[in-house]
Amino acid sequence: MFSRQLARRVVLRAPRRWSHTPAGLAGLNSVTEEDLAHFAKILPSSSILSTLSPSPTSSSELEPFNNDWMNKYHGKSTTVLKPRTTREVSEIVKWCNQRKIGIVPQGGNTGLVGGGVPIKDELILSLANMTKIRSFDDVSGILVADAGCILQSLSDYLTPHDHVVPLDLGSKGSCQIGGNVSTNAGGLRLLRYGSLHGSVLGLEVVLPDGTVLDQLTSLRKDNTGYDLKQLFIGAEGTLGIVTGVSILAAPAPHASNNVMLALPKFENVQPLYKEVKRQLSEILSAFEFMDRTVYDLAVKHGQGRALNPQDIDGAECFVLVETSGSNRDHDEQKLNSLLESLMDTEEPLINTGVLATSPAQFSALWAIREGLTEAVSKEGKVYKYDISVPRNKFQEVVDKTREHLRSKDLLHEDAVKYVVGYGHVGDGNLHLNVIAAAYTPEIEAALEPFVYELVASYKGSISAEHGIGMMKTHALQYSKSPTSIEWMKRIKALFDPNGIMNPGKVLP
Amino acid sequence: MRPSAVRLLNILVPVKRTVDYAVKIRVNPDQKGVDLNVKHSMNPFDEIAVEEAVRLREKLKGEVKSIKVVTIGPPKASETLRTALAMGADSAIHIEVPDSAPAPEPLSVAKALRAVIQKEKDNGGVDLVIMGKQAIDDDAGQTGQMLAGLMDWAQATFASKLVVDPKAKVADVTREIDGGLEEIKCRLPLVLTTDLRLNEPRYASLPNIMKAKKKPIQKLTPADLEVDLTPRLETLKVTEPPKRVGGGKVESVDELITKLKEAGITPVKS
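Conventions and cut-offs
- Residues numbered from 1 in each chain as written.
- Chains lettered and ligands numbered in written order.
- Predicted model: local features only at pLDDT ≥ 70, side-chain atom pairs only at ≥ 80, totals over all residues.
- Heavy atoms only, no water.
- Helix = DSSP H or I, 4+ residues; strand = E, 2+ residues; numbered from the N terminus.
- Rg over C-alpha atoms; globule rule 2.2 N^0.38 Å.
- Buried < 20%, exposed > 50% of the residue type's maximum accessible area, 1.4 Å probe, protein only.
- Contact = heavy atoms within 4.5 Å.
- Lys, Arg positive; Asp, Glu negative; His and termini not counted.
- Charge placed at Lys NZ, Arg CZ, Asp CG, Glu CD.
- Pairing = 2+ DSSP bridges.
- Axes fitted to C-alpha atoms, helices over the stretch in contact; angles between N-to-C directions.
- Core = buried A, V, L, I, M, F, W, Y, C linked by side-chain atoms within 4.5 Å.
- Buried area = accessible area lost by both parts, 1.4 Å probe.
- Salt bridge = Lys/Arg side-chain N within 4 Å of Asp/Glu carboxyl O.
- Polar contact = N/O pair within 3.5 Å; in protein donor to acceptor, adjacent residues only side chain to side chain.
- Nonpolar A, V, L, I, M, F, W, Y, C, P; charged D, E, K, R; others polar.
- Parallel < 35°, antiparallel > 145°, perpendicular 65-115°, else oblique.
- Patch = residues over 30% accessible without salt bridge, like charges linked within 9 Å, V, L, I, M, F, W, Y side chains within 5 Å.
- Areas by Shrake-Rupley, 256 points an atom, 1.4 Å probe, with all protein chains shown as cover.

Asks: Would you mind showing me how to read the overall build of chain A here?
Replies: A tally of helices and strands in chain A yields 18 helices and 18 strands. Radius of gyration (C-alpha) of chain A: 23 Å, near the 23 Å computed for a compact globule of 508 residues. When its C-alpha atoms are laid out on the principal axes, chain A stretches across 75 × 60 × 45 Å. Every one of the 508 residues in chain A was classed for burial, and the buried ones make up 57%. The contacts in chain A between residues at least 6 apart in sequence include a share of 75% that link residues at least 24 apart. Computed over 51 positive and 57 negative side-chain charges, the inter-centroid distance for chain A is 4 Å.

Put into structure tokens, the structure is as follows:
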């Protein structure tokens, strides 16, 4: 939470017009004072924030809801509702459906593609007041919780029960489990525990007509017809509002180790990954890549504790490997023999590295990786591309993008300062970040559709884990065929004929 | 004290394997100790001591002849020695005690260290002992002072800065004291205990970890040193600090007043 709040504060206010306002908002109505009077019958006054009469709040109080944390997307909503129960959510949605008012469901508002903020003046439905943990079974490991539970608080809740949430994100202090599910968030534990499509066992969803779809089963196995909940995982709130989540927590690892490795060249990442996977097998829990530029930025902005500068001379990129298992001696032995074999060859794949010898060092090494997002946003205005490409193309994508910007004469102090890459090698997921002095139409035009076409040329995905939101609707076509998009639209129309749910997001 | 006139420094760094400072301490049900089946690492102050010795060598180059680390502890304490060797120490001594042995007390540790220093005379003696000001498990904070007393050497405790002049055989030390800093000049041989601000210890790099595996660790027993590590104190009871009781919310001023009265708080008439 701390880092996010900090980031929110340091990002300079620089309003940016989003050029392509999607047409999804046509035919929707604005919230009126009459609507507000109706909401006042459903909710206590403390759950309503509105700039409309009878008791208007100042628009500054709505700012955190109207703007995303990067301050890149700006909505103009007049009203934020914070229901506490599924029933309240249902009543609100029912009314909005009758009145054709667009609703933006909002969790921790930590999204990176503008999926959680309004495009115009849609109603914001914040899940922040739904924070009850409904049940936990320490035999099956099944946790059932309200959608508004903050990821960190779930994690804290599970710690004494010796379990962990199968999901970990840099934004864990602010993001909410409902938002995580709705965006199918990936994050740092995906390599180990798989995606939410596997670990979410059931959902409670308020459908666009106000009906509550209760699929909060706690079953590992349930092959009875269509698995509807899967539709809502990653739907970004366009099909309904997730209000409750049943998720399979994993047994807490009793021993965790990590090691930061410095590599002489990018070509070594792939063989290193192969070797690490072969030797560590079941205890490998993360394999994170960062290029030299972004590592240096993290160090510059004080994220974590860096390796000794003289040791990493000539290192082109870094890899953070984490292991987690149940037996410390076993894990350490495996890790040690891996490191020994890595160092003890004719042409080592790595230059050097550090092995965390204490929990403090363990956190300090992770802090570098987790602090990258914050470090780049301190450096300038960031164009973020979260893409899936073949692992051996990570560097190529970064280099080609940089060269492209150079050819457009946009690579200098006053335009694009850095083009960096980092990400989850294990998942084939690269975060391509373009750090500019300011958001400008020229840079945007140089990047898009260039990046998307580049990704499409590798048959990659234009959004590996960040989703589509409002940022990438026009680019969906680069990763999905016309047939796929057509069927997505049909599903949307089936669930939400009035188009009130998170209008203008996901679908072009 | 030293037999040879060669002006080269031999540094001894005593280290201790302790429960890692980030681990939450749990008291055993028998209330005689704490759960030791948790992550251990080098006592943070000792890590600072090792770092300072290595930095001295980086500054003085060949004038530091050797950096030797020593520990008293169970077989696993050798991991702590390996960490120190990976940070840059040359060799190590492990005074091994069984896993079941009780933790030795400061005076017996100081006597064991005295015996080690005397044994080191054959290797050119010891000119400088750098050690943590205290171990974070028992927080005794006495060993350094006792060792200086037993050896009749100079002592500089709670150091936050160290400058050694090997030719003049003196050290300038800045000490953290109540209300400020104290600068003292000491003649070697010297026992120096480290405070937090002395330095920030480095990570042990992988190549150095590998090299450390080949560095020698000499194993000794308390009997070899003719010291008795049996504690003189008996632990009667170990308990956790009392749990904080959470507060409650009241709906009105009246309720607050009622609660205050229940708690035995009465208004004072002025």
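Okay, back to it.
Asks: Looking at this model, I keep getting lost on the sheet that holds strand 15 (residues 352-355) of chain A. Mind explaining?
Replies: Residues and elements named next belong to chain A. Taken in spatial order, the seven strands of this open sheet run 15-12-14-13-17-18-16, and their pairing is antiparallel. Either end of the sheet is taken by a strand with one partner, and the two such strands are strand 15 and strand 16 (381-388). Averaged over neighbouring strand pairs, the angle between their axes works out to 15° when direction is ignored. For strand 12 (residues 255-263) and strand 14 (residues 317-325), the ladder comprises nine bridges, and the chain directions are antiparallel. Note on strand 14: the bridge partner recorded for leucine 263 is cysteine 317. Packing of helix 10 (residues 269-280) onto the sheet brings it into contact with strand 12, strand 13 (284-291) and strand 14, and relative to strand 13 it is tilted by some 165°.

Asks: Help me understand the nonpolar core, please; the structure alone is not making it clear to me.
Replies: Here is a general trend for soluble globular proteins: nonpolar side chains tend to be buried in one another's company. Of all hydrophobic cores here, the largest spans 102 residues; its most connected members are Leu261(A) and Leu272(A). It is helix 1 (residues 44-60) of chain B that provides the largest number of residues to this core, a total of six residues. Setting aside its immediate chain neighbours within four residues, Leu261(A) contacts Leu272(A), Cys317(A), Phe318(A), Val319(A), Val321(A), Leu339(A), Leu342(A), Ile350(A), Thr352(A), Gly353(A) and Leu206(B).

Asks: Is there a simple way to explain the interface of chain B and chain A in this structure?
Replies: How big an interface is tends to be reported as the loss of accessible area on association of its parts. Residue-level contacts link 20 residues of chain B with 28 residues of chain A. In total, chain B and chain A occlude about 1,900 Å² of area from one another, counting both sides; carbon and sulfur atoms represent 56% of this. For the chain B face of the interface with chain A, the top three residues by lost area are Lys39(B), Tyr203(B) and Leu206(B), together amounting to 42%. On the surface where chain B and chain A come into contact, there are three salt bridges. Our enumeration of links across chain B and chain A arrives at three residue pairs in polar contact (both at pLDDT 80 or more). Examining the composition of the side of chain B that touches chain A, we find that four residues originate from one element, helix 5 (residues 206-212) of chain B, more than from any other. Residues that form the side of chain B that touches chain A fall into these classes: ten nonpolar, three polar and seven charged.

Asks: Would you mind showing me how to read the packing of helix 11 (residues 292-300) of chain A against helix 14 (residues 372-379) of chain A here?
Replies: To describe two helices that pack against each other, one gives the angle between their axes and the distance between the axes. Residues and elements named next belong to chain A. Remark: helix 11 packs on helix 14, axes separated minimally by 9 Å, with the N-to-C direction vectors making an angle of 80°. By the angle class used here, helix 11 and helix 14 are roughly perpendicular. Two secondary-structure elements touch here, helix 11 through Val294, Leu297, Ala298 and Lys300 and helix 14 through Leu372, Ala375, Val376 and Glu379. Here the residues of the contact of helix 11 with helix 14 sort into six nonpolar, no polar and two charged.

Asks: What is the right way to look at the sheet that holds strand 5 (residues 133-137) of chain A in this model?
Replies: Strand pairing in a sheet relies on backbone hydrogen bonds. The paired strands run either parallel or antiparallel. Residue and element names in this part refer to chain A. With antiparallel pairing, five strands are arranged side by side in an open sheet as 5-6-10-8-9. Each end of this open sheet is capped by a strand with a single partner; those strands are strand 5 and strand 9 (212-215). Direction aside, neighbouring strands of the sheet carry axes that sit 10° apart on average. Judged from the five bridges that link them, strand 6 (residues 142-146) and strand 10 (residues 241-248) form a sheet pairing that is antiparallel. Following the sheet pairing, isoleucine 142 is matched in strand 10 by leucine 248. Packed onto the sheet, helix 4 (residues 86-99) meets strand 5, strand 8 (200-206), strand 9 and strand 10 and runs at close to 50° relative to strand 8.

Asks: Just to check I follow, could you spell out the environment of Gly302(A) for this structure?
Replies: Residues and elements named next belong to chain A. Here glycine 302 lies in the loop between helix 11 and strand 14. The exposure class of glycine 302 is exposed, given its relative accessible area of 57%. For glycine 302 and isoleucine 368, which are 66 residues apart along the polypeptide, the C-alpha to C-alpha distance reads 8.4 Å.

Asks: Looking at this structure, I do not really get a nonpolar patch on the surface. What am I missing?
Replies: Nonpolar side chains collect at one region of the surface, where Val250(B), Leu256(B), Leu260(B) and Ile265(B) lie side by side and expose about 300 Å² of accessible area between them. Locating Leu260(B) in the fold gives a position in helix 6 (residues 253-262).

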